[in-house]
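# A closer look at the structure
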Amino acid sequence: MTRPYYIAGNWKMHKTRSEAAELAKTLTARLKDGKHKYLVAPSFTSLETVGAIVKGSNILLGAQNMAAEEQGAHTGEVSVLQLKDLGVQVVILGHSERRHTYKEDDELINKKVHLALNHGLDVILCIGELLSEREAGQAEKVCETQTRKGLEGVSASGLERVTLAYEPVWAIGTGKTATPEDADTIHAYVRGVIARLYDASAAEKMIIQYGGSVKAENAAQLMAKENIDGALVGGASLKADTFVPIAMFG
Ligand code: 13P
């Protein structure tokens, strides 16, 4: 089967509302004839502004994280109800910066996955090993554990609303990209994990994005690999001139 390519921009902690609006307007115009699936994930503070601009376009509105609880005394957190209220359709969970800088573990991420799916949001679940884990020959094991634990208890129908993003931590923001071959090896392995957890058809349908220093210069080679179904782009998603060539590849 042919899976659609899914290209997402994670704007991380960048851009004021006016800067975010300017980029969203440019992307809406320049991607309107794009043939892939698109998403932008601005900061919480720009979700409403960007949401109003991308509404009705072929660009989905994503959040970069959300709380594990629906509501309550959680100072500084943002709830699924608040995201839905802003028109958010997709939430990125388990990003390596959440795992490693903010110490989110698989159990917490799994709780967020369930909460998002139960409330009708789609999920991009990020997985990926540290450099030390890769050097110790543990990359596959780490990705398997994060996939299994992140998806624990998710039904087959829930899984249809989950995208996986393989982001090797050593490739994020470093300019070092995994080779297309190395990335494809992990993607194929993770697809096998999905086949074992669910079935062959679920594995075949699973979209697995690659993330980590994706640029216009390497996007096409990465995406040419059988198991690489798109990209989760950080730095290069912050400017239309660097994101559009990735989004319009092929
Ligand atoms: P870079 O593209 O800046 O390496 O970031 C990747 C990433 O973390 C996207 O979520």
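This section reports on the structure supplied with the text.

## Focus on the layout of surface pockets
Unoccupied space between atoms shows up once a probe the size of one water molecule is rolled over them. When its volume is computed, the largest pocket comes out at roughly 400 Å³. Taken together, the residues of the lining of the largest pocket break down into four nonpolar, six polar and three charged. Considered as a void within the structure, the second largest pocket measures approximately 290 Å³ in volume. In terms of lining residues, the second largest pocket is bounded by 18 residues, among which L159, E160, R161, V162 and K205 are the most central. When residues of the lining of the second largest pocket are traced back to their parent elements, those giving at least two are β5 (122-127), α8 (156-159), β6 (162-166) and α10 (200-205). Looking at which element gives the most residues to the lining of the second largest pocket, the answer is β5, with three residues. Across the lining of the second largest pocket, the residue classes tally to 11 nonpolar, one polar and six charged.

## Observations regarding the packing of aromatic side chains
Scanning the model with the defined rule gives two aromatic pairs in all. Relative to F249, the ring of Y5 has its centre 4.9 Å away and its plane inclined at 85°; by these criteria the two rings are edge-to-face. Of this pair, Y5 sits in the segment before β1 (6-10) while F249 sits in the segment after α12 (240-247), and the two are 244 residues apart along the sequence. One Lys or Arg, K37, reaches over the ring of Y6 and ends 4.4 Å from the middle of that ring. Sitting over the ring of Y189, R196 keeps its end group 5.9 Å from the ring centre.

Criteria and cut-off values
Residues numbered from 1 in each chain as written. Predicted model: local features only at pLDDT ≥ 70, side-chain atom pairs only at ≥ 80, totals over all residues. Heavy atoms only, no water. 1 Å grid on protein atoms, 1.4 Å probe; cavity = no way out; pocket = protein on both sides within 12 Å on 5 of 7 lines; lining within 4 Å. Points joined across faces, edges and corners; volume = space filled by probe spheres on them. Nonpolar A, V, L, I, M, F, W, Y, C, P; charged D, E, K, R; others polar. Helix = DSSP H or I, 4+ residues; strand = E, 2+ residues; numbered from the N terminus. Phe/Tyr/Trp six-rings, centres within 6.5 Å; stacked < 30°, edge-to-face > 60°. Lys NZ or Arg CZ within 6 Å of the ring centre and 35° of its normal.

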